[in-house]
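Residue-level listing of the chains:
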Amino acid sequence: MCGIFGYVNYLVEKQRGEIIDNLIEGLSRLEYRGYDSAGLAIDGDVESEVDIFRAVGKVASLKAEIDQCAPERSTLFTNHVGIAHTRWATHGQPATVNCHPQSSGPQNEFVVVHNGIITNYKAIKILLEGKGFVFDSETDTECIAKLFKHVYDTNLANGHDPDLNELTKQVLFELEGSYGLLVKSVFYPNEVCATRKGSPLLIGVKSEKALKVDFVDVEFPTTDEQVSAKTLQNKRLGLLPVAQGDSGLRQSQSRAFLSEDGAPMPVEFFLSSDPSSVIQHTKKVMFLEDDDIAHIYDGEIHIHRAKRESGASATRSIQTLELELAQIMKGPYSHFMQKEIFEQPESTFNTMRGRIDFENSQITLGGVKSWLPTLRRSRRIIMIACGTSYHSCLATRSIFEELTEIPVAVELASDFLDRRPPVFRDDCCVFVSQSGETADSMLALNYCIERGAITLGIVNAVGSSISRLTHCGVHINAGPEIGVASTKAYTSQYIALVMVALSLSNDSISQTDRHREIVAGLQKIPEQIKTVLELDAPIKELCETVLKDQKSLLLLGRGYQHATALEGALKIKEISYMHSEGVLAGELKHGVLALVDEHLPIIAFATRDSLFPKTMSAISQVTARDGRPIIISNEGDSVWDNALANLQVPLTVDCLQGLLNVIPVQLISYWLAVGRDIDVDFPRNLAKSVTVE
Ligand code: UD1
Ligand code: F6R
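This section reports on the structure supplied with the text. In this text, all values refer to a predicted model and were calculated from it rather than measured experimentally.

Right, let's get into the pairing of strand β30 (residues 645–649). The two faces of a sheet get side chains in turn, since along a regular strand they alternate between them. Going residue by residue along β30, you find Ala645, Leu647 and Val649 tucked away on one face and Asn646 and Gln648 left uncovered on the opposite face. Where strand β29 (residues 630–634) and β30 come together, 5 bridges link them in parallel fashion. Across the sheet, residue Ile630 finds its bridge partner in β30, namely Ala645.

Structural data, given as structure tokens:
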């Protein structure tokens, strides 16, 4: 759970100060991935010296630490590799010693930044300690840096001088777990290896001249190398690499970044966990695949694989990002979360754009169209996700059941993995994820793929692991979501799921009227969200008065609004640290009612649908115990005279009402957090992209 960033300049003169600023800026855009500590490594004043700067806290603390150390900013580097990291602790407390870059030893011969978890790090650590290495940190990452040094020394002792890519391959043979990894070494000046397994990593390429090629060849090992790789694998944890002849890989087949006459071309590379930290420099990016080793030196990228797999793609394409810098800036808003709440008229529109023909009530989802006949034959739909994404599954489950007439199960990815339930070839497994990188969802996806199920993704981040690994899917096109609390992704996931349910059932004549009703409802949603956002001022006031010093809050909803209640409670807990609980209104009398008195604030969703009378009766049970609920109802309903407050939202089709009802609770959570002086975009203990189990 971390962000990694690297900056490489080749034949481009940069002062050390500029290099530091580049790294710091890249990190600050990745802060949402983790922000309890940060660090970076750059070349020192003396040749073959690497300087590491690290600090606990957000990236600003690292900047302050560097300012205090005052390295000479004007030193010029024509070629240079800098690596940086922002951390969210998994192994070891946030402490300077646990910050990345982690190092091979006091001389910093090998330094690494890492996002992920090395599951066999204890075994490696014991082995390396036995060989005299002294560990300073509690991190799993430190064993990678020290392993590099050990494997390097062993190669030399065997009379072999490996290149950095070969060395990286040897180290990776020993590692289990997940990683996005950058390694820099004094033995390989101005070179870097970047590799990933289960954690995202991409490379931005910036050059003055237009790039002539839009792909890079993958370099597979020769048969001889495969054999020695196999020998190596058999020796796992023997940590004794076999001497290999010169692989000849320096005579690369890939000449992607040379100029017309074959001369080296000035070029800069930006390595990152996320495109948002790259786009201010370049829109040309290459997404690495699992097990790729990208070796960057002499202004070129070489992509290596340890094994030649049948059917594996032999190139990696350089794509053009369709992301604008303005999209990831805060604009006039105080926080990203606030911006993202207010973006929902636009983001929900973007989810539907080009996909719904409102006139003819037709939906065309380019990413699932050809799969529809197969998907319709599914015996069961299993929706799998975590947190807010799970709530969007709950919110749409019933419309899936109604329209498709296929049984639908909704699963929390972690529980699904714990149970390892039966999954069959005729199951359709739907994975919903904003980041597309959530570890539990990814593991559940692999589990379902292994069992032959069809997998469909509903994902925001294009190029993310879930988007790439699912058979088919829909990008929700909500734009980057930076605030840790998910808001606009929820409403867009909800709409994307409804569109999938509509697509799956568009062959049913008996559903025609219902389809028309829902599509007409969808068309109005962006405008209706604008109306709901006008509640901002009264909600702010409510949070500054009635809800200000409360310790706990209940949210009541049933039917479609059960998911809204759960999502509202999660938002409130997550950013205002106030205890809150979403309760299915039908369950009130089975226990929760005991909590109700004149003090406990309760938010009740009482918009008009077929369950409205039942919701009324639940609210009566509350008011009969002197409870004074805050009611979220439809415009014009005035049945709630004794309510503490009445927030009115426009009426829409029953299955879409949750899209409007969730907005007031997003705003409540936002203003409660602001009132408590909480850093809304960075709630404690949380990170945006949960890439650990
Ligand atoms: C695609 C293009 C969009 C273009 C449009 C025009 C992309 C990312 N989208 O949008 O820029 O304007 O065509 O026709 O290039 N997928 C998964 N799993 C997921 C999400 C998506 O496998 O979780 C796959 C889809 O099956 C599809 C591809 O990714 O093959 C793109 O999906 P999506 O962006 O939703 O497709 P379109 O809306 O058609
Ligand atoms: C809550 C929140 C989390 C995420 C969850 C899944 O506001 O953001 O609960 O929804 O961690 O993340 P994704 O959707 O990226 O898989």
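Along the chain, Ser505 turns up in the loop between α14 (488–504) and α15 (512–533). The class for Ser505 is buried, based on a relative accessible area of 2%. Taking the C-alpha atoms as reference, Ser505 lies 9.6 Å from Glu402; in sequence the two are 103 residues apart. A distance of 2.9 Å separates a polar atom in the side chain of Ser505 from a polar atom in the side chain of His515.

Let us now look at the pairing of strand β22 (residues 408–412). Judged from the 5 bridges that link them, strand β21 (residues 380–385) and β22 form a sheet pairing that is parallel. Residue pairing across strands places Ala385 opposite Leu412, the latter belonging to β22. In the classification by handedness, the crossover that spans β21, the intervening helix α10 (residues 387–404) and the parallel β22 is right-handed.

Let us now look at the packing of aromatic side chains. Inspection of every chain in the model, using the stated rule, returns 10 aromatic pairs. Where Phe110 meets Tyr152, the ring centres are 5.6 Å apart and the plane angle is 65 degrees; that geometry is what we call edge-to-face. Highlighted residues: Phe110 in strand β8 (residues 110–115) and Tyr152 in helix α4 (residues 142–157), separated in sequence by 42 residues. Summarising the burial analysis for this pair, Phe110 and Tyr152 share the class buried.

This next bit is on the site of ligand 2. Close contacts around ligand 2 come from 15 residues, with Ser389, Ser433, Gln434, Ser435 and Thr438 the closest. Between ligand 2 and Thr438 there is a distance of 2.5 Å, counted from an oxygen atom to a side-chain nitrogen or oxygen. Put simply, ligand 2 lies in the second largest pocket. Secondary structure elements with two or more residues in the shell around ligand 2: α10 and α17 (560–576).

The parallel open sheet is built from 5 strands, whose spatial order is β27-β26-β28-β29-β30. Each edge of the sheet is formed by a strand with only one pairing partner; in this case those strands are β27 (579–584) and β30. Each adjacent strand pair in this sheet contributes to an overall mean axis angle of 20 degrees, direction not counted. Judged from the 3 bridges that link them, strand β26 (residues 552–557) and strand β28 (residues 602–606) form a sheet pairing that is parallel. Looking at β28, one finds that Leu555 is bridged to Ile603. Most of the contacts of α17 go to β27, to which it runs at about 175 degrees, and overall it touches β26, β27 and β28. Most of the contacts of helix α18 (residues 612–623) go to β28, to which it runs at about 160 degrees, and overall it touches β26, β28 and β29.

We now examine the site of ligand 1. Residues in contact with ligand 1 amount to 13 residues; listed here are only the nearest, Arg355, Gly367, Ser467, Thr470 and His475. One of the backbone nitrogen or oxygen atoms of Gly367 is found 2.7 Å away from an oxygen atom of ligand 1. In the complex, the protein chains occlude 54% of the 730 Å² of accessible area that ligand 1 would expose alone. In terms of residue class, the shell around ligand 1 is made up of 5 nonpolar, 7 polar and 1 charged.

You can see Val474 is positioned in strand β25 (residues 472–475). For Val474 and Asp415, which are 59 residues apart along the polypeptide, the C-alpha to C-alpha distance reads 24 Å. For Val474, the contacting residues outside a window of four places in its chain are Arg355, Leu365, Val368, Gly457, Ile458, Val459, Ala496 and Val500.

You can see Thr351 is positioned in helix α8 (residues 344–352). In this structure, Thr351 is in contact with Ile476, Asn477, Ser492, Ile495, Ala496 and Met499, ignoring residues within four places of it in sequence.

Tracing the backbone shows Glu219 in strand β12 (residues 215–219). In this structure, Glu219 is buried with no salt-bridge partner, the nearest side chain bearing the opposite charge being Lys169 at 8.0 Å. Within the structure, Glu219 has its side chain in polar contact with the side chain of His302 (distance 2.8 Å).

All right, on to the nonpolar core then. Within the largest apolar cluster, 88 residues are counted, with the highest numbers of intra-cluster contacts made by Ile458 and Ile518. If one sorts the elements of this core by residue count, α14 sits on top with 12 residues. When near neighbours in sequence (up to four residues on either side) are disregarded, Ile458 contacts Val430, Phe431, Val432, Ser433, Val474, Ile476, Gln493, Ala496, Leu497 and Val500. In this structure, Val111, Val192, Phe220 and Val267 belong to the second largest nonpolar core, which totals 29 residues.

This part is about empty space enclosed by the protein. Once rolled over the atoms, a probe with the size of a water molecule shows which space is left empty. By the definition in use, this model includes 5 cavities of 30 Å³ or more. As for the second largest cavity, its lining consists of 12 residues, of which Arg87, Thr90, His100, Gly116 and Asp140 are closest to the centre. Looking at side-chain class alone, the lining of the second largest cavity contains 3 nonpolar, 7 polar and 2 charged residues.

Roughly 1,000 Å³ of volume is contained in the largest pocket. Leu323, Asn460, Val462, Gly479 and Pro480 are, among the 44 residues lining the largest pocket, the residues nearest its centre. When residues of the lining of the largest pocket are assigned to their parent elements, the largest contribution, 3 residues, is made by α8. Here the lining of the largest pocket is composed, by residue class, of 16 nonpolar, 15 polar and 13 charged. Its volume calculated, the second largest pocket comes out at about 540 Å³. Taken together, 23 residues line the second largest pocket, and the ones lying closest to its centre are Cys386, Gly387, Thr388, Lys688 and Val690. Counting only elements with at least two residues in the lining of the second largest pocket, the list comes to α10, β23 (427–433), α12 (439–450) and α17. Among the elements that take part in the lining of the second largest pocket, α10 stands out by supplying 3 residues, more than any other.

On the basis of which strands lie adjacent, the open sheet formed by 5 strands has the order β22-β21-β23-β24-β25 and parallel pairing. Each edge of the open sheet carries a strand with a single partner, namely β22 and β25. Averaged over all neighbouring strand pairs, the angle between strand axes comes to 20 degrees, with direction disregarded. As defined by bridge partners, β23 adjoins strand β24 (residues 454–459) across 6 bridges and the pair is classed as parallel. The residue of β24 that forms the bridge with Ser433 is Val459. Contacts from α12 reach β21, β23 and β24 within the one sheet, and its direction differs from that of β23 by about 165 degrees.

Conventions we followed
- Residues numbered from 1 in each chain as written.
- Chains lettered and ligands numbered in written order.
- Predicted model: local features only at pLDDT ≥ 70, side-chain atom pairs only at ≥ 80, totals over all residues.
- Heavy atoms only, no water.
- Buried < 20%, exposed > 50% of the residue type's maximum accessible area, 1.4 Å probe, protein only.
- Helix = DSSP H or I, 4+ residues; strand = E, 2+ residues; numbered from the N terminus.
- Pairing = 2+ DSSP bridges.
- Polar contact = N/O pair within 3.5 Å; in protein donor to acceptor, adjacent residues only side chain to side chain.
- Right-handed = clockwise from strand over helix to strand, strands pointing away.
- Phe/Tyr/Trp six-rings, centres within 6.5 Å; stacked < 30°, edge-to-face > 60°.
- Near = heavy atom within 4 Å.
- 1 Å grid on protein atoms, 1.4 Å probe; cavity = no way out; pocket = protein on both sides within 12 Å on 5 of 7 lines; lining within 4 Å.
- Sits in = over half its atoms within 2 Å of the grid points.
- Axes fitted to C-alpha atoms, helices over the stretch in contact; angles between N-to-C directions.
- Contact = heavy atoms within 4.5 Å.
- Areas by Shrake-Rupley, 256 points an atom, 1.4 Å probe, with all protein chains shown as cover.
- Nonpolar A, V, L, I, M, F, W, Y, C, P; charged D, E, K, R; others polar.
- Lys, Arg positive; Asp, Glu negative; His and termini not counted.
- Salt bridge = Lys/Arg side-chain N within 4 Å of Asp/Glu carboxyl O.
- Core = buried A, V, L, I, M, F, W, Y, C linked by side-chain atoms within 4.5 Å.
- Points joined across faces, edges and corners; volume = space filled by probe spheres on them.

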